[in-house]
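Descriptive analysis of the structure
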Amino acid sequence: RLLFWDISASDAGEDLLIEPVPEPSEQIALLKQRAQELSEKYGVIIYVADDCETQFDEFSATQISDYDQVNRALDILDEALGKYPEGFFRQLRYGSVHSIRIHLITDLMADGSGRYGDGYVAFAQNMWDHYLVVIDIEDSDCQTYYHEFSHVIDSYLAWDAGQRDDALFSEEGWADRNPAWFNGYSYDYSVEHELVNDAYFVDGYSTISPTEDRARVMEYAMSDYGFYTFEDNQGLRMKLEYYCLCIRDAFDTEGWPETLPWEQYLE
């Protein structure tokens, strides 16, 4: 730390208090304590430092214990989770999924199969008894979380539609909101369709699958600059409106604000 003061000042200032930097083991304990507090606050399970897994079905990662980096990642995660209504993630415990587990790691690598292509900083996957969300904290922001949480929402909507005959959400309903010229999703992370225009899709990545399409829509709908995405693109607004209605249809909305963060550009 660098401290500066004016030696020519005529009056004495307050004594400066310098707090000692915690030892590495204390830093990790503080990170885990904060992760636990956020977990209890939002109804998820957050793993940091050596509590994180490093081997997944199709990915590998490295644990990261740098205090400043992990603490900053927890700041971002806190901001992202805070955008959702109170109790939102507790409602995402459905069927056999009893928890949402978030791992904050680094050096996220695919298994070499090529299924996921080269560009990724996170992934989300239904693990039957829990939903796994893994984030590379060195190259992620709030939009990364919004995107991955959308995959969890998607899974919940699909489950809910299987429980209720009158559920609004369906893949057919989403497909009906794609343009006539669209030939269908590639379902291949190494193949993005070239877009005739972007009035219905945020970008080429959106054409990989319906869930990636919806995740792109949600991450931009929750961003501060999403206005430029939805202002003149009626097709995207139509998709966003449908998805917003599906969420309200499937969730218990008691106590929710009149306008949710992802509904801001429908006003």
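Above this text is the structure in question.
Rules and cut-offs
Residues numbered from 1 in each chain as written. Predicted model: local features only at pLDDT ≥ 70, side-chain atom pairs only at ≥ 80, totals over all residues. Heavy atoms only, no water. Salt bridge = Lys/Arg side-chain N within 4 Å of Asp/Glu carboxyl O. Buried < 20%, exposed > 50% of the residue type's maximum accessible area, 1.4 Å probe, protein only. Helix = DSSP H or I, 4+ residues; strand = E, 2+ residues; numbered from the N terminus. Phe/Tyr/Trp six-rings, centres within 6.5 Å; stacked < 30°, edge-to-face > 60°. Lys NZ or Arg CZ within 6 Å of the ring centre and 35° of its normal. Contact = heavy atoms within 4.5 Å. Pairing = 2+ DSSP bridges. Core = buried A, V, L, I, M, F, W, Y, C linked by side-chain atoms within 4.5 Å. Expected span 1.5 Å × (residues − 1). Polar contact = N/O pair within 3.5 Å; in protein donor to acceptor, adjacent residues only side chain to side chain.

**A closer look at the pattern of salt bridges**
Evaluation of the coordinates by the stated rule reveals 13 salt bridges. Asp160 is the salt-bridge partner of Arg164, the closest N and O atoms lying 2.7 Å from each other. Its relative accessible area of 23% is what places Arg164 among the partly exposed residues. In this structure, the salt-bridge partner of Arg248 is Glu263, at a minimum N-O distance of 2.7 Å. One end of the pair, Arg248, is in helix α8 (residues 234-250); the other, Glu263, is in the segment after α8, with 15 residues separating them in the sequence. Connected through shared salt-bridge partners, Asp160, Arg164, Asp166 and Asp249 make up one network.

**Points about the packing of aromatic side chains**
Inspection of every chain in the model, using the stated rule, returns 29 aromatic pairs. Consider the rings of Tyr185 and Tyr187, whose centres lie 6.2 Å apart with planes at 70°: the pair is edge-to-face. Residue classification places Tyr187 among the exposed positions, given a relative accessible area of 58%. A connected cluster of aromatic rings, assembled from ring pairs, spans Tyr84, Phe88, Phe89, Tyr94, Tyr145, Tyr146, Phe149, Tyr156, Trp159, Phe251, Trp256 and Trp262. Seen from the ring of Trp174, Arg214 lies directly overhead, with NZ or CZ sitting 5.2 Å from the centre.

**Focus on the environment of Leu260**
In this structure, Leu260 sits in the segment after α8. For the pair Leu260 and Ser209, spaced 51 residues apart in sequence, the C-alpha to C-alpha distance is 25 Å. Every residue in contact with Leu260, bar those within four places of it in the chain, is listed here: Pro85 and Arg248.

**Description of the pairing of strand β3 (residues 100-110)**
Where strand β1 (residues 45-47) lies against β3, 3 bridges are found, and the strand directions are parallel. Considered in β3, the bridge of Ile45 is made with Arg101. Where strand β2 (residues 59-62) and β3 come together, 3 bridges link them in antiparallel fashion. Bridged to Thr62 within β3 is Thr106. By the bridge criterion, 6 bridges tie β3 to strand β5 (residues 131-136) in an arrangement that is parallel. Bridging from a neighbouring strand, Ile100 pairs with Tyr131 of β5.

**A short note on the nonpolar core**
In this structure, Ile46, Phe88, Leu104, Leu157, Ile247 and Trp262 are the most contacted members of the largest nonpolar core, which totals 62 residues. Put simply, the parts of the chain that give this core at least two residues each are α1 (24-42), α2 (67-81), α3 (88-91), β3, β5, α4 (142-163), α6 (210-221) and α8. Once residues within four sequence positions are removed from consideration, Leu104 is found in contact with Ile46, Tyr47, Val48, Cys52, Ile64, Ala73, Leu74, Leu77, Ile135, Ile137 and Tyr145. Counting residues in hydrophobic clusters, the runner-up holds 9 residues, among them Phe59, Ala61, Ile105 and Val134.

**So, the environment of Ala158**
Note on placement: Ala158 falls in helix α4. Along the chain, Ala158 and Trp262 lie 104 residues apart, while their C-alpha atoms are 19 Å from each other.

**Overview of α4**
Helix length check: α4 (22 residues) gives 32 Å between terminal C-alpha atoms against 32 Å at 1.5 Å per residue, within 8%. Of all 22 residues in α4, 17 are buried, a share of seventy percent or more. Where α4 begins, the capping side chain belongs to Asp141, and its oxygen is found 3.1 Å from the backbone nitrogen of Gln143.

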